[in-house]
Amino acid sequence: MNVPSPRPSSPLPPAAPLGRARRRRRSPWPAVLGVAALVGLTGFIALGNLNRSLEYFVTPTEYRQQQAQLQGRAIRIGGLVRDVQYDPQSLNLRFTVSDGGASFPVQYRGAVSDLFKENQGVVVRGEFEGDTFHASDLVVKHSEEYNVPKTQAELKDLLRTTE
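Going by what an unreviewed UniProt entry lists, the protein is known as Cytochrome c-type biogenesis protein CcmE and is assigned to Deinococcus depolymerans. As recorded by UniProt, the Function (unreviewed entry) comment attached to the protein reads in full: "Heme chaperone required for the biogenesis of c-type cytochromes. Transiently binds heme delivered by CcmC and transfers the heme to apo-cytochromes in a process facilitated by CcmF and CcmH."

Asks: Pulling in residues and values, what's your account of the pattern of salt bridges?
Replies: Working definition: two side chains of opposite charge can pair if their charged atoms are close together. Under the definition given, this model contains one salt bridge. Across the salt bridge formed by Arg 125 and Asp 137, the nearest N and O atoms sit 3.1 Å from each other. A residue pair is termed long-range when its members are at least 10 positions apart, and Arg 125 in strand β5 (residues 121–129) and Asp 137 in strand β6 (residues 132–140) qualify at twelve residues. On the basis of relative accessibility, which here comes to 33%, the residue Asp 137 falls in the partly exposed class.

Asks: So what's going on with unusual backbone geometry? Residues and values would help.
Replies: Backbone geometry places Leu 91, a non-glycine residue, at a positive phi of 60°. Assignment of secondary structure puts Leu 91 in the loop between β2 (75–87) and β3 (92–98). A relative accessible area of 34% means that Leu 91 is categorised as partly exposed. Positive phi is not limited to glycine here, since Asn 119 has a value of about 65°.

The rules behind these values
- Position labels on residues start from 1 in each chain and follow its written sequence.
- Given that this is a predicted model, residues contribute local features only at a pLDDT of at least 70 and side-chain atom pairs are listed and counted only at 80 or more, while totals for whole chains, interfaces and linings are drawn from all residues.
- Values reported for side chains reflect all heavy atoms of the structure, with hydrogen atoms and water molecules removed beforehand.
- UniProt positions are given in the numbering used here, feature names are shortened, and annotations may be inferred rather than shown by experiment.
- Each salt bridge in this description consists of a side-chain nitrogen of Lys or Arg and a carboxyl oxygen of Asp or Glu lying within 4 Å of one another.
- The helix and strand labels rest on DSSP assignments: H or I over at least four residues marks a helix, E over at least two residues marks a strand, and numbering proceeds from the N terminus.
- Type-normalised accessible area, obtained with a 1.4 Å probe on protein chains alone, sets the label of each residue: buried when under 20%, exposed when over 50%, and partly exposed for intermediate values.

See the structure below:
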């Protein structure tokens, strides 16, 4: 019997090196849309809440003109102080705030700064109840000048006048 002899195995030719694997390119749109949605949501929340917390600063004349829109809202009114009546025992303060065109009576309960006086600028925060403004905060305008005493005598004089 004739058995064929196994053939000598021939060596395989050397394999060619594989090229770099192609990476699947991802679209940038999901990331861009995600960032845009996040920025939009943050802006919506911030601006939505900002409108609710705004307090308008108006003069008495402006309030008269915009009374329908501002009625029932916490606002700030600024003007000059007139007709001051203050009881230091009960801390009740009544005065009129005026801008020369319109005036409103103001009621405030609390300690009053020494700077608060007739014909002084004031800003009051609160709400209208009827025709009277009920203030919860009182801010008095003061001089923007500040001079540091240059000598000991000027300092003593300043201390004496503030007492």
